[in-house]
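Secondary and tertiary structure notes
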Amino acid sequence: MTDSSPQSHLRDKLYAHLEQIYPQRELSRLVELLIELMELDQRCFMPEAHKNLWDERDCLMIAYGDSLQREGEWPLHTLHDFLRRECRGVISGVHILPFYPWSSDDGFAVINYVEVNPSLGEWQDINAISRDFDVMADLVINHCSSRSQWFENFKQRRDPGKDYFVEADPDWDLSAVVRPRTSPLLAEVQTLDGKRHVWCTFSHDQVDLNFANPEVLLEFVRIVRHYLDQGVRIFRLDAVAFLWKEPGTNCLNLNQTHEMVRLLRSLIEHAAPDAILITETNIPLRENLAYFGNANEAHLVYNFSLPPLLLNALVSGDSSALNRWMMGMPAAQDGTTYFNFIASHDGIGLRPAEGLLDDAEINRLVGLMEESGGLVSWRALGNGENRPYEINISLFDAMRRRHGAGEDGYQEARFLCAHAVMLSLQGIPAFYIHSLLATGNDLNRVAHSNHNRSINRHQWQADELEAALEHGSNSHHRRVFDALKTMISKRAEQPAFHPNAAQFPLHLGDKLFGLRRESRSEGAPQTLLAIYNFSAEKQTLPLAELNLDTDRRWFELLSGAEIVAEQGSLLLPAYGYCWLAC
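Residue numbering note: each chain is counted from 1, following its sequence as written. Since the coordinates come from a predicted model, pLDDT governs what is reported: local features require at least 70, and pairs of side-chain atoms require 80 or more to be given and counted, while whole-chain, interface and lining totals use all residues. Hydrogens and water molecules were not included; the side-chain quantities draw on all heavy atoms of the structure.

Digging into the pairing of strand β6 (residues 186-191)
Heads up, the condition is: Two strands make a pair as long as DSSP finds a minimum of two bridges between them. Only DSSP runs of H or I reaching four residues or more are called helices, and only runs of E reaching two or more are called strands; each is numbered from the N terminus.
Where β6 meets strand β7 (residues 194-199), six bridges bridge the pair, whose relative direction is antiparallel. Looking at β7, one finds that Q190 is bridged to K195. Linking β6 back to β7 in an antiparallel pair, the connection comprises two residues.

In structure tokens, the structure reads:
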């Protein structure tokens, strides 16, 4: 009799994954170890294919554990208090950026994956937040800190760690390797066996892990199990595109990397059927979309092309590149969707704009951002040339434009328009905390850290923030925060804004941007049109061009005003927007 249990089904899947990753190894013991470490021999779920684990009420916030600080209080307590007081019923989840002990890169050089940084709090604080909000945690899987115990063991030639890192001969030709940085790829280290050269994709404090050694995989499965036990629901695979190394290739998006994502997906969804896997792959569009697989890799992929294209459209007044991109975007099949964001702890990546903006447009955008106080980080091409990799700037200041000797007065309008676009797109929206709060560039932090990305990693003192957000305050922080919360709340009421509801671009010219969303709900189907003015001049759009059904009553959702489809025109002020629904 055929065994149809979830465990048997999982074993078959694990064998299939591992045969692709480790074709020359005996796999029976490895399969059983994976099942044991994930505790799937005790309880194992049968995942439901193509099931959407989200709806229009989902909206995440991205923050560091210490983005908010109060004297005498653990920062994770302060963050949790802010979420409960200001974001309950608006934000459904929070991505807490690496909250582990670290040595550099603001958390992404992890010293110990199973501890909480004692300067932030304890695991019980993470667990407490997870009882009120979905928690996304980083699985920093490509590399770890050179100060980790694993790397110390590597240098001492002992386990665990002796074979945990990628070594290379400096005489090898590694010129094809794709790099996100300009630092040398290999770092020389002294070990008990003499000098060794280790692979460092990002920095010499971030040493790449060797997943060709199955023991490294087992370590990370232990870590995944621990995070699940602490209430983590969403796993962000940081820099996963660089995971597998094979000299002679570009070492980016290799088949073994994709198979490793599929393997982790199989383990996680059999352990927790509501858990979500998201891949962070800051690469060109087509390569990024490949991480959906056949709805068997990432549940979510970062919509990395959105930030540079949307920013470019709003500061240039030309939506043509954004419109072309939208017309070519494939619909996410059920069980997958996009993770939409327009600002994060990192800069605004330019690689995802390659092929969508030409060099002249990218250079013009970089120039405009530098005028607004932004900085530029570079990557090495391997031929001795460098290319802009990302723009480092707070999104609020990115929306500034000069007019004569001063500002043009539309910074706030552009900023809100950008987020209204993000909220209306197919996918799950995510707000960086400094976008919710309209935080500006932190140049003092850049000077102190000597890192460009610090410009958008401000740390608010809680008392100062509370004063800025005090009800009745006319600060731009209060105005923006209230406007964004209103938009988020209104979005959560619209079935047509379900992350997998149908999406159709509208053709409205190069000053406007628009799309039509249609829910598939049998009980209450909804059609919704979202329309945006990307120019500093008011735009008039005849309602007849929108092909509205005149037999139905249409309302502008954000104002509540009724729209008479057979009469007149839609008037949008500079950087104005509307959501029309019936």
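Regarding the nonpolar core
The condition is simple: Here, nonpolar core means buried Ala, Val, Leu, Ile, Met, Phe, Trp, Tyr and Cys residues that are tied together by side-chain atoms lying within 4.5 Å of each other. Each residue is placed in one exposure class: buried if its accessible area under a 1.4 Å probe, protein chains only, is under 20% of its type's maximum, exposed if it is over 50%, and partly exposed if it falls in between. In this analysis, two residues are considered to be in contact whenever any of their non-hydrogen atoms come within 4.5 Å of each other.
Ranked by internal contacts, the top residues of the largest apolar core, which has 180 residues, are L34, M61, Y113, F211, F220, F534 and W579. If one sorts the elements of this core by residue count, helix α6 (residues 214-229) sits on top with nine residues. Filtering out sequence-adjacent residues up to four positions away, F220 remains in contact with Y113, L139, V140, I141, W150, L209 and F211. In terms of nonpolar packing, the next biggest core, distinct from the first, is built from 15 residues, L512, L529, L548 and C578 among them.

What about the pattern of salt bridges?
As a working rule, side chains carrying opposite charge can pair if their charged atoms are close by. Basically, it comes down to this: One speaks of a salt bridge when a side-chain nitrogen belonging to Lys or Arg is within 4 Å of a carboxyl oxygen belonging to Asp or Glu.
Scanning all chains against the criterion turns up 42 salt bridges. A salt bridge links E219 to R222, with the shortest nitrogen-to-oxygen separation between them at 3.5 Å. Of the two residues, E219 and R222 both sit in helix α6, three residues apart, roughly one turn of that helix. Judged by its relative accessible area of 14%, E219 is buried. Note that R414 is salt-bridged to D408, the shortest N-O span being 2.9 Å. The network of salt bridges with shared partners includes R70, E73, D81, R85, E86, D463, E466 and K485.

Here we look at the sheet that holds strand β14 (residues 375-380)
In space, the three strands of this open sheet follow the order β13-β15-β14, with antiparallel pairing throughout. Pairing within the sheet leaves two strands with one partner each, and these edge strands are β13 (348-349) and β14. Both β14 and strand β15 (residues 386-392) contribute to a ladder of six bridges, which runs antiparallel. Following the sheet pairing, S377 is matched in β15 by E390.

Quick notes on the sheet that holds strand β25 (residues 562-563)
Think of a sheet as strands paired side by side through backbone hydrogen bonds, with each pair either parallel or antiparallel. Our working definition: For helices, the fitted line uses only the C-alpha atoms of the stretch in contact; every axis is such a line through C-alpha atoms, and the angle between N-to-C directions lies from 0 to 180 degrees.
As summarised here, the arrangement of the six strands in space is β20-β21-β22-β27-β24-β25, forming an open sheet in which the pairing is antiparallel. Two strands bound the open sheet, and with one partner strand each, they are β20 (502-505) and β25. As paired elements, strand β21 (residues 512-518) and strand β22 (residues 527-533) share seven bridges and run antiparallel to each other. From the neighbouring strand, L512 faces β22, where its bridge partner is N533. Of the strands in this sheet, β20 and β21 touch helix α10 (residues 320-328), which is tilted by about 20 degrees from β21.

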